[in-house]
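# Residue-level structural notes
Take a look at the letters that make up each chain.
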Amino acid sequence: MTALYSDVLLDHFRHPRNYGSLSAPDISYESFNPLCGDRIRIELKLNDRTVTEARFKGDGCAISTAAASLLTELIRGVSIEQVAALSDDQLIATLQSDIKPARRQCALLPLDALRHGLSERR
Amino acid sequence: MEELFEDIEKLARAEKRVAMATLVATRGTSPKREGAKMWIGEEGRILGSVTIGGCVDARVIAESEQALSSSASRLVEMKLADEDAWEIGFSCAGDLDVLIEPFDLTKSSMLDLYRTVRASVDHGKAAAIATSLNDSLQKLLIVEGGEISGTLGSPELDREARTVALDLMRKRISSIVSLGADSSPVFFEVHGPPPTLIVFGAGHVSMPLVSLAHDLGLRTVVVDGRPRFATRERFPDVDELLIGIPSEIAETMTYTSSTFVVLTAHDYKYDLPVLKVVLPARPAYVGLLGSRRRGKAIKEFLKDGGMDQSLLDQLHVPTGLDIGADTAAEIALSILAEAVAIKSGRTAVSLKERR
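### Some details on the overall build of chain A
If you tally the helices and strands in chain A, you get five helices and three strands. The order of helices and strands in chain A, counted from the N terminus, is α-β-β-β-α-α-α-α. Relative to the globule expectation of 14 Å for 122 residues, the C-alpha radius of gyration of chain A, 14 Å, shows essentially globular dimensions. With respect to the three principal axes, the spread of C-alpha positions in chain A is 50 × 25 × 25 Å. The buried share of chain A, reckoned over its 122 residues, is 50%. A separation of at least 24 residues holds for 61% of the contacts in chain A among residues at least 6 apart in sequence. Surface summary for chain A: the accessible area is close to 6,000 Å², and the carbon and sulfur share equals 50%. With 15 positive and 16 negative side-chain charges, chain A shows a separation of 2 Å between the mean positions of the two kinds.

Shown next, in the form of structure tokens:
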């Protein structure tokens, strides 16, 4: 039997990177899934138009937690234009797992928070 | 409890001297528990009761007036023979010990003592007043956490009393305990914040759980990340509905010896992060909805994350007593029955079997 989730996904779920809050973040947005209850908040610090710090906090399933953890790693040091251009598939690819259609919304919840946060900033 | 503090403040505004009658011991059965109070003012005001009224209270009033006249405390034993109990309509036949203490409200430190207790309770911390029954002027205040003030006469007695008080606060029981080499009787009067039930998860079991807890006099809080579930319509009796990241909300809450926590989400994404916050805070009860197998997996995950076994042992999973619960309401009853038993230090056997 093949493993359902990759080692990368499981590692980021069990040991999430950049978990926590920032003091006085430039961007903060919380997204949630109204039915399953996953809730993820993304916070960013910007220097000019570059992400200098990224944190997340939330109670979510393995997929959404790992995706949030990987997302914060992806966007640090990146311009907000590049962050805004990040696609769904790019984030899902970092999980290195076969994410079924029904679970894509889990993986994309942190990206939803990020996008809403950026749009509020603009 | 609030009634007691309100009574004291009412008397402080109206009376100069009062007698405080405290039920310190019961033998047989009694309608009120140890710690019940009655206040008799020198000007005639009467507040509270150590029983449910009737002849016993009348005698307490008479004894209190004598205590006020003599300015001396007295411990009064009241025997209720079965016939007397029947005649006066007293529903229970038992013996009562009542401590009656006169106080001058214009200079007594008693007011300060009870105001300190109230402040502690208002901040979510239990407190106990230990009173020597050999000399009721000797009092020691113990606040949950271990801070003490006053004395029972010696540092050794105070240390012993502190240990006893912390245990009684956990069980929320007022009682006489003998202390020291000469077994001096000391009454521990325990006060605490109203018991609170915090439910993580706004699912269908939570609804009767909150309603039943409300009927039992508990303050209730429901936490969920889903606004569609955590609604007033679903939880008409709840005191507080909190929507957000459950573990983050859990971090902001106060957990005391009178806090019950039940996790009903049946979802690891709430259960794991919330348990990481709640178990180290050591509330009176932590119950997790789920099977034994699921509980084992949750515990192993937390243990792998570094949680101490002693904390994991506090977790009640499956939550509830074995009463054959099937419906949501029956499960709620089973959970609350276990929680109350744990808090009271009981094993939850049938009363018929109790020895």
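### Details of the side chain of D158(B)
Of note, D158(B) is situated in helix α5 (residues 155-171). For D158(B), the residues in contact, after removing those within four places along its chain, are L140(B), I148(B), G150(B), T151(B), L152(B) and G153(B).

### Structural notes on the packing of aromatic side chains
Inspection of every chain in the model, using the stated rule, returns four aromatic pairs over all chains. Ring centres 5.8 Å apart and planes at 75° place the aromatic pair F13(A) and Y268(B) in the edge-to-face group. Here F13(A) is found in helix α1 (residues 7-14), whereas its partner Y268(B) is found in helix α8 (residues 268-281) on a different chain. Looking at F13(A), the relative accessible area reads 15%, which means it is buried. Classification of Y268(B) as partly exposed rests on a relative accessible area of 31%. A ring pair is formed by F13(A) and F301(B), whose centres lie 5.7 Å apart and whose planes are at 45°; its orientation type is tilted. Here F13(A) is found in helix α1, whereas its partner F301(B) is found in helix α9 (residues 292-304) on a different chain. By way of ring pairs, the aromatic residues F13(A), Y268(B) and F301(B) are connected into one cluster. When the ring centre of F32(A) is taken as origin, the NZ or CZ atom of R39(A), which lies over that ring, is 4.2 Å away. The aromatic ring of F229(B) is capped on one face by R226(B), whose charged end is 3.8 Å from the ring centroid.

The rules behind the values
Residues numbered from 1 in each chain as written. Chains lettered and ligands numbered in written order. Predicted model: local features only at pLDDT ≥ 70, side-chain atom pairs only at ≥ 80, totals over all residues. Heavy atoms only, no water. Helix = DSSP H or I, 4+ residues; strand = E, 2+ residues; numbered from the N terminus. Rg over C-alpha atoms; globule rule 2.2 N^0.38 Å. Buried < 20%, exposed > 50% of the residue type's maximum accessible area, 1.4 Å probe, protein only. Contact = heavy atoms within 4.5 Å. Areas by Shrake-Rupley, 256 points an atom, 1.4 Å probe, with all protein chains shown as cover. Lys, Arg positive; Asp, Glu negative; His and termini not counted. Charge placed at Lys NZ, Arg CZ, Asp CG, Glu CD. Phe/Tyr/Trp six-rings, centres within 6.5 Å; stacked < 30°, edge-to-face > 60°. Lys NZ or Arg CZ within 6 Å of the ring centre and 35° of its normal.

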